[in-house]
Amino acid sequence: MMVTKIWNSCFPDTDPAQETDQVHRHNFYLCQWQTSKQVKIIYLLYRWLAAILFLAVLSCSLLDIGRSDTEHYENHYAKWWIYLTHWALLACTLQAWLAAWIVTQGMMVDRDDFEIQRLAKTRITHRMYWVLYTIATVYSFIVTICYWTIVHDPEINKLDAVNLMVHVLNSVLMLIDLAIVGQPIRLSHAYWTTGIGVIYAIFTGIYFLAGGTNRRNLESIYPLLDWRRPGKAIVISACGVLFVFIVHLAVFCLYRLRVCLYTKVCIWSRNRRMKKMSSLGRTLSSLEDAQKENFLGPSTIIDVKM
C-alpha cells in the first residue's frame, strides 16, 4: 500500500486520451534542445551508443576486465552485488537500455509503424524508465563524490580502467544525459532515491548480522559504515540519506537550469525569428496594399495604345 501511494503521488493517474502525443514525445522521445517534434536519428544513435557503453562497463565490472589488481579472495565474483557502486551501475545500464527502446519506439510512431494509441499501453515502460533514470543520475554522482572523497585508498584501490569506468565514467555519461534528455526531474521522486538509500543501509546491517564480508573478507562493506559500532553506523546512514536528498536537489536544480537555458536560447530565438517573419509579412502586405491603391486609385492614368 505504501509503495502504491508513493507511486501515485509521483505519477498521478490521467486519462490517456487527454494526454497529447506532443507531451509524450517531449518527455521521453526527444532531445531537450530540438524544436521539431520528430525523433532525430542522431539522438536515436546517441541513446543506443549510451546503452551499449553502459553494458560494456557493466560487463567489465562483473568480469574484472581491465582491472590491474589480480588478487582475488574467496567468493570474489559472488560479492559483486553488495556494493552501492554496482547498484548504481546496474541502474544506469537498465535505464540506458529502456531509453534506447523508448526512443526507438518513438521513431516507429513517427513513421506510422505503430498506432498512436499504443503509447497508452507502454506508459508503464515510461514510468520504469523515469524512476530508474532519476535513481541512476543521483547515485552515479553520489558514488563518484563519496568514492573519491571517503572510500578511495591509493594503497588498496588501484587506479585502473575498471576503477575509472565505474567511479568516473558513469557520472560523466549521466551528466551528459542530464544535459540532453527531454524528461524532467521531479523533487517528488526523492521518495525513490532516499528510499534506495534506506534500503541499502538496512541491507548492510542485515548482511553484517548474517556474517557477510566484503571482497577482502573484511566485516564491513565500506570502512565508514561499520556495523560493529551500530550507533555510528546508524548516524552515518542517516547522514547518507540526507546527502542523497541534497544531491537529488542539486540534480533538480541542474534540470531547471537546463530548462531555463532552453527557454532563453531556443524558444526566445524561435519567437524572435517568428516576430521578424511576422513583421516582414506585415511590411510586404502593406506594400502590396499601397501598390494596389496607387494602381486602382482615381488619379491613376492608364494609357492604352491601340
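Quantities reported herein were computed from a predicted structural model and do not represent experimental measurements.

1. Concerning the side chain of D160
Tracing the backbone through its elements, the reader meets D160 in the loop between helix 6 (123-151) and helix 7 (161-180). One buried charged residue, D160, remains without a salt bridge, the closest side chain of opposite sign being R67 at 4.6 Å.

2. A closer look at the packing of helix 3 (residues 41-63) against helix 7
Interhelical geometry of helix 3 versus helix 7 gives an angle of 160° and a closest axis separation of 10 Å. Viewed along their axes, helix 3 and helix 7 adopt a mutual orientation that is roughly antiparallel. The chirality of how helix 3 crosses helix 7 is left-handed. Counted together, Y43, Y46, R47, L53, F54, V57, C60 and S61 of helix 3 and V162, M165, V166, L169, N170, L173, M174, I176, D177 and I180 of helix 7 form the full contact between these two elements. Residues that form the contact of helix 3 with helix 7 fall into these classes: 14 nonpolar, two polar and two charged.

3. Side note on the UniProt feature "transmembrane region" (unreviewed entry) in the protein chain
Taken from the UniProt record, the annotation "transmembrane region" (unreviewed entry) applies to residues 44-66, 86-109, 130-150, 162-182, 189-210 and 233-255. As a span, residues 162-182 carries 90% helix and 0% strand, and end to end its C-alpha atoms are 30 Å apart. Along residues 189-210, the helical share is 91% and the strand share 0%, with 32 Å between the first and last C-alpha atoms.

4. Quick look at unusual backbone geometry
Glycine aside, residues mostly have negative phi, and peptide bonds are mostly found in the trans state. One non-glycine residue, D64, lies in the positive phi region at around 60°. Tracing the sequence through the fold places D64 in the loop between helix 3 and helix 4 (84-110). D64 gets classed as buried once you look at its relative accessible area, which sits at 10%. Notably, N217 is not glycine yet its phi reads approximately 65°, a positive angle.

Analysis parameters
All residue numbers refer to position in the chain's written sequence, counted from 1. Restriction of local features to residues with pLDDT of at least 70 applies here, the model being predicted, together with a cutoff of 80 or more for giving and counting side-chain atom pairs; totals for whole chains, interfaces and linings are based on all residues. The side-chain numbers reported here are obtained from all heavy atoms of the structure, hydrogens and water having been left aside. Numbering of helices and strands starts at the N terminus; helices are DSSP runs of H or I of at least 4 residues and strands are runs of E of at least 2. Whether a residue is buried, partly exposed or exposed follows from its accessible area with a 1.4 Å probe, protein chains only, as a fraction of its type maximum: under 20%, in between, or over 50%, in that order. We treat Lys and Arg as the positive residues and Asp and Glu as the negative residues; His and chain ends play no part in the count. Salt bridges are identified by distance alone: a Lys or Arg side-chain nitrogen within 4 Å of an Asp or Glu carboxyl oxygen. Lines are fitted to the C-alpha atoms to define the axes, a helix being fitted only along its stretch in contact, and any angle between axes, read from their N-to-C directions, falls within 0 to 180 degrees. For classification purposes, an angle smaller than 35 degrees is called roughly parallel, one larger than 145 roughly antiparallel, one from 65 to 115 roughly perpendicular, and anything else oblique. By convention the crossing between two helices is left-handed if the near helix lies anticlockwise of the far one by an angle smaller than a right angle, and right-handed if it lies clockwise. Contacts are assigned to residue pairs with any non-hydrogen atoms lying within 4.5 Å of each other. Asp, Glu, Lys and Arg are counted as charged, while Ala, Val, Leu, Ile, Met, Phe, Trp, Tyr, Cys and Pro are counted as nonpolar; the rest, among them Gly, fall into the polar class. UniProt positions are given in the numbering used here, feature names are shortened, and annotations may be inferred rather than shown by experiment.

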